Amino acid sequence: MVELKTANEIATMRAAGRVVAQTLAACAEAARPGVRLRDLDEVARGVLAANGARSSFLDYHPHFAPTPFPAVLITSVNDVIVHGIPDDYRLTDGDLLSIDFGAELDGFHGDAATSLVVGTAADPADEKLIATTRAALDAGIAAATPGNRIGDISHAIGRIGRDAGYGIPADFGGHGIGRQMHEPPSVPNEGRPGRGFPLQPGLVIAIEPMFVSGGHDGYHPARDGWALCTDDRSRAAHVEHSVAITEDGPVVLTLP
C-alpha cells in the first residue's frame, strides 16, 4: 500500500536526507588510493553518531540475501553494480566507486548514492558513464511531477541509458521510501511513459539509475550473496536521490 506523506513528515525526511548527503560527501572525500572500504564504513558510522541517526542498511535482510547486511555503507567497486560490502579491499588510483547510504532519523528514512573515480587516473569512459548516469537521474527527477506516472520517470531514465549504449539491470531500481527504507511503488529504470502508479503530492520515492558500460544487462551475485556484478565484467555506475512529489514539482530531499 502506497503511503502519502504529510508536509511535516516530508520535513522530517528532509532532515534525514541531510544526514545522508553529509555522509556521502564525507565518504567521497575520504575515498583515496590506499584507503580500505572498511575505513569508509567507519567514516559513515561517525556521521550517523554525530547526528543521532540510525543506519537504514545495517542488519537489513531482504529475501535474496543469505545473511543480514553487515555494514552501514554500500561500497561497489568497478564491475560491482550495487550492494558491495565494505571489506579490507584498498582503493587504487582509477577505481570506479559507487557509494550508497541510508539513514533513519525520527522514524523516517533517506537514501542516496553517488559514483566517482578514485584518485587522478580517471578513464574518460568512466567519467562519461558517471556523467550519463547522473544525467539520467536528473531526467528522472524532472519527470517526477503531479499528473505523470512512474513509467514517465522510468522512460526518462531508460532512454538516456540506452541512447548511450549502456546496459540497464532489469530487477533493481528505485522505490518508495518513508517509514521503511523500501516501500511501494517500485521505480524501474526502464518503462513506458504514461504507465504505472500515478504521481501525486505526498509521494516520496528514491530514484536510482544503474548503468553498465559494456552495454549488457546481465548480472550475477558475488560469493557473498550480496554484491551484484556485471556479467561482462565491465564497469557500472549508480546514483540516487530521495525525491518528494509536491504540487510545485519534485523536491530532492537528499541534498546538503
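Residues numbered from 1 in each chain as written. Predicted model: local features only at pLDDT ≥ 70, side-chain atom pairs only at ≥ 80, totals over all residues. Heavy atoms only, no water.

- The name given to the protein chain in an unreviewed UniProt entry is Methionine aminopeptidase, and the organism recorded there is Actinopolymorpha cephalotaxi.
- Under the UniProt heading Subunit (unreviewed entry), the entry covering the protein chain gives this text: "Monomer."
- For the protein chain, the Function (unreviewed entry) comment in UniProt is given as "Removes the N-terminal methionine from nascent proteins. The N-terminal methionine is often cleaved when the second residue in the primary sequence is small and uncharged (Met-Ala-, Cys, Gly, Pro, Ser, Thr, or Val). Requires deformylation of the N(alpha)-formylated initiator methionine before it can be hydrolyzed." (UniProt positions renumbered as here; feature names shortened; annotations may be inferred.)

### Here's the deal with the packing of aromatic side chains
Piece 1. Applying the stated criterion to the full structure yields five aromatic pairs.
Piece 2. With 5.7 Å between their ring centres and 75 degrees between their planes, Phe172 and Tyr219 make a pair best called edge-to-face. Residue Phe172 is found in the loop between helix 4 (150–163) and strand 6 (174–176), and its partner Tyr219 is found in strand 10 (residues 219–221); the two are separated by 47 residues along the sequence.
Piece 3. In this structure Tyr219 comes out as partly exposed when scored by relative accessible area, which is 22%.
Piece 4. In this structure an aromatic cluster arises from ring pairing among Phe64, Phe69, Phe172, Tyr219 and Trp226. (Phe/Tyr/Trp six-rings, centres within 6.5 Å; stacked < 30°, edge-to-face > 60°. Helix = DSSP H or I, 4+ residues; strand = E, 2+ residues; numbered from the N terminus. Buried < 20%, exposed > 50% of the residue type's maximum accessible area, 1.4 Å probe, protein only.)

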